[in-house]
Amino acid sequence: EKAGYKHFMLKEINEQPRAIRDTTLGRISLDTGKVFLQEMQITAEDFRNASQITIAACGTSWHAGLAGKFMIERLARLPVEVDYASEYRYRDPIADPRAIGLLITQSGETADTIAAQRELIAKGSKTLAICNVVGAAVTREAQGTITTNAGPEIGVASTKAFTAQLTALFVFALHLAQVRGTISSDESKQLVEELSRIPGKVEEILRSVDDQCCQLAKSFSTARDFLFLGRGIHYPIALEGALKLKEISYIHAEGYPAGEMKHGPNALIDETLPVVCIATKDPNDPSSVLKYEKTLSNIQEVTARSGRVIAIAIEGDDTISQLVEHTIHIPQAPELLLPVLEVVPLQLLAYHIAVRRGCDVDQPRNLAKSVTVE
Ligand code: F6R
């Protein structure tokens, strides 16, 4: 049932090209660049009149939501709020009937996420679900669902469901942008083409970085703490890299926005601290290039204090490899799609470290696959 893999987690990491492809299947047209969603009770008119999107989710799904905020705001020019579902209803949230609630959940059974959905509905918002399980509780109360077609996820640590969520969010952001007229048909077509190339690029990463992550695990599996840094849409991926490591290897890890380091965490850096820096850039996107340059100087601050940097960078980026101890290279993609690629080496790194530490990778202590209590 593990198809020859040692753990479900490794099998599921390797299933990501298919999970991503299946999540785009029947939803995108390469010829026209158009994006289609399943039929739902939220109309094009609702999307045009929307005042904002309110995302609520937990854990890894919340990280997908944070990345989704960048996709939706950038493409559809609609404000997005992202909440922990477990916090949402306790702050008497300001919601209005023109706000559309978006619940992101692999299982569709997470009690906190269901509670947030009920709060949104009580305030008059329509809700949409991004969910991996057909017919799950959240989808039954939602006015529409975008199913992630990742297939059953057995490993407690979410991997393929996460990249499928990022894919669904990208598709949703493109759809919103098309309905709201905030994107040209040329740009749509280009982005849809780029999206269709992502599964192949993930395959390439799986082939090229697994050995390297296994080697890195040898050097770093005894670390006491880890930092993960990223800026903009890469920051949620830093959070996800830290969560993966924490939950399966029990090493303390934190994700931080790279620019916040000088406001405190720099004090932690010494020669024992591994710092994973996401330092990718999309050369066609000026804000991405600017962010990259700022991240470079954050990396220099870490190396100047003898921190041990593992960088995630784009193929052919020699500037980074000359600056740091270890660089993991990934293929080029547009800024909003890079997260799908960046997270793969972080999953593998966490996996190999946990295996070296003799941890139960598929069933980490104290955790359940779906959390049905608030
Ligand atoms: C982490 C993980 C959890 C879940 C969270 C939400 O790897 O799996 O953080 O993401 O419990 O679960 P769902 O997405 O089922 O609502």
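Each value, and the rule that gives it
Residues numbered from 1 in each chain as written. Predicted model: local features only at pLDDT ≥ 70, side-chain atom pairs only at ≥ 80, totals over all residues. Heavy atoms only, no water. Pairing = 2+ DSSP bridges. Helix = DSSP H or I, 4+ residues; strand = E, 2+ residues; numbered from the N terminus. Axes fitted to C-alpha atoms, helices over the stretch in contact; angles between N-to-C directions. Contact = heavy atoms within 4.5 Å. Phe/Tyr/Trp six-rings, centres within 6.5 Å; stacked < 30°, edge-to-face > 60°. Buried < 20%, exposed > 50% of the residue type's maximum accessible area, 1.4 Å probe, protein only. Lys NZ or Arg CZ within 6 Å of the ring centre and 35° of its normal. Right-handed = clockwise from strand over helix to strand, strands pointing away.

Colleague: Honestly, the sheet that holds strand E9 (residues 308-314) in this entry has me stumped. Any pointers?
Modeller: Strand pairing in a sheet takes place through backbone hydrogen bonds and is either antiparallel or parallel in direction. Here we have five strands laid out as an open sheet, ordered E7-E6-E8-E9-E10, and parallel in their pairing. Unpaired on one side and paired on the other, strand E7 (252-257) and strand E10 (326-330) mark the two borders of the sheet. Here the average twist between neighbouring strands, direction ignored, is 20°. Judged from the five bridges that link them, E9 and E10 form a sheet pairing that is parallel. Looking at E10, one finds that isoleucine 310 is bridged to histidine 326. Running at roughly 160° to E10, helix H9 (residues 185-220) makes contact with strand E6 (225-230), strand E8 (274-278), E9 and E10 of the sheet. Where helix H10 (residues 235-249) meets the sheet, it contacts E6, E7 and E8, and its direction lies at approximately 175° from that of E7.

Colleague: Help me out: how do you make sense of the packing of aromatic side chains in this one?
Modeller: The geometry of an aromatic ring pair comes down to the distance between the two centres and the angle between the two planes. Applying the stated rule across the entire model yields four aromatic pairs. Summarising the aromatic geometry, the rings of phenylalanine 226 and phenylalanine 228 are spaced 5.9 Å apart at their centres and angled 25° between planes, so their arrangement reads as stacked. There is no split in this pair, since phenylalanine 226 and phenylalanine 228 are both buried. When the ring centre of tyrosine 250 is taken as origin, the NZ or CZ atom of arginine 365, which lies over that ring, is 3.8 Å away.

Colleague: Looking at this model, I keep getting lost on the pairing of strand E4 (residues 126-131). Mind explaining?
Modeller: Regular strands place their side chains on alternate faces of the sheet. Counting buried positions along E4 gives five out of six residues, so the element sits mostly inside the fold. Bridge count between strand E3 (residues 99-105) and E4: six bridges; the pairing is parallel. Along E4, the bridge assignment pairs leucine 103 with alanine 129. Considered for its hand, the β-α-β crossover made up of E3, helix H6 (residues 111-122) and E4 is right-handed. Alignment of E4 against strand E5 (residues 144-147), held across four bridges, turns out to be parallel. Within E5, the residue paired with cysteine 131 across the bridge is threonine 147.

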